[in-house]
There are 2 protein chains.
Amino acid sequence: MDSEKVLEAFGANLRRIRETRKISQEKLGEIANIDRTYVSSAERGKRNVSLINIIKFANALEVNPSALLDFQWEEMDEIPRYHKTKI
Amino acid sequence: MDSEKVLEAFGANLRRIRETRKISQEKLGEIANIDRTYVSSAERGKRNVSLINIIKFANALEVNPSALLDFQWEEMDEIPRYHKTKI
DNA sequence: TTGTGACTTACAGTCCGTT
DNA sequence: CAACGGACTGTAAGTCACA
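In short, a report on the structure. Remember, it's a predicted structure, so these values are computed and weren't measured experimentally.

Quick notes on the protein's contact with DNA strand C
Near DNA strand C lie 19 residues; those nearest to it are Tyr38(A), Arg47(A), Ser50(A), Arg15(B) and Gln25(B). A share of 58% of the atoms of DNA strand C within 4 Å of the protein falls on sugar and phosphate groups. Between DNA strand C and the protein, one listed contact pairs a phosphate oxygen with a side-chain N or O atom of Tyr38(A) at 2.3 Å. Within the side chain of Ser50(A), one N or O atom sits 2.6 Å away from a phosphate oxygen of DNA strand C. For the surface near DNA strand C, the elements supplying multiple residues, two or more each, are helix 3 (36–43) of chain A together with helix 1 (3–20), helix 2 (25–32) and helix 3 (36–43) of chain B. Looking at the surface near DNA strand C residue by residue, the class counts come to three nonpolar, eight polar and eight charged.

Pasting the structure below:
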């Protein structure tokens, strides 16, 4: 589990979903009440976004928060254990 | 969307899943490499946990990160819009 | 085994701007 | 419209002694 790649994966999800909504970073920021420069850096994987802001983003984009955490773990250095076991 | 309740909901999920694993907060902290007292405060909804730590918790508990974000929105003040639309 | 208050440090997050 | 920088404020991260 590589922290940097987690942030990049989150950012990629954020960007992909925002683009399907056909709204700008600025517009997303306005809806979510988050600064536009922060949206930009979050999408580029430069920010360790907190839970409240993850929820804000999800609500603004009208998706379940889990959509933003739907990572492609194959790209990570270590495969998280939940791929091997179920709860 | 009430921030305080989001944190409490996250903490409740964290605690519930940890208890199904039958491990102590201290043991979870050891696995996730997070301080025991931090686990305690996160479970009590006192921390706005960031993405990296959400992933650490999820990996340590061997669950998908989205399991920790599986909130009961009915209890919240405002129903997030993703209940009304799908992506 | 867990809860809690207090504390410092690091960085989350904002606001101004330029390219 | 987005990337990026600088300077700033607020708060999460991380730890401790003690209940």
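Now that the structure is up, let's keep going.
A closer look at the protein's contact with DNA strand D
Taken together, the neighbourhood of DNA strand D is formed by 17 residues, with Arg15(A), Gln25(A), Arg44(A), Tyr38(B) and Ser50(B) sitting nearest. Those atoms of DNA strand D that come within 4 Å of the protein belong to sugar or phosphate at a rate of 57%. In this structure, Asn48(B) approaches DNA strand D through a side-chain N or O atom, which is 3.4 Å from a phosphate oxygen. Put simply, the parts of the chain that give the surface near DNA strand D at least two residues each are helix 1 (3–20) and helix 3 of chain A together with helix 3 of chain B.

Definitions and cut-offs
Residues numbered from 1 in each chain as written. Chains lettered and ligands numbered in written order. Predicted model: local features only at pLDDT ≥ 70, side-chain atom pairs only at ≥ 80, totals over all residues. Heavy atoms only, no water. Near = heavy atom within 4 Å. Polar contact = N/O pair within 3.5 Å; in protein donor to acceptor, adjacent residues only side chain to side chain. Helix = DSSP H or I, 4+ residues; strand = E, 2+ residues; numbered from the N terminus. Nonpolar A, V, L, I, M, F, W, Y, C, P; charged D, E, K, R; others polar.

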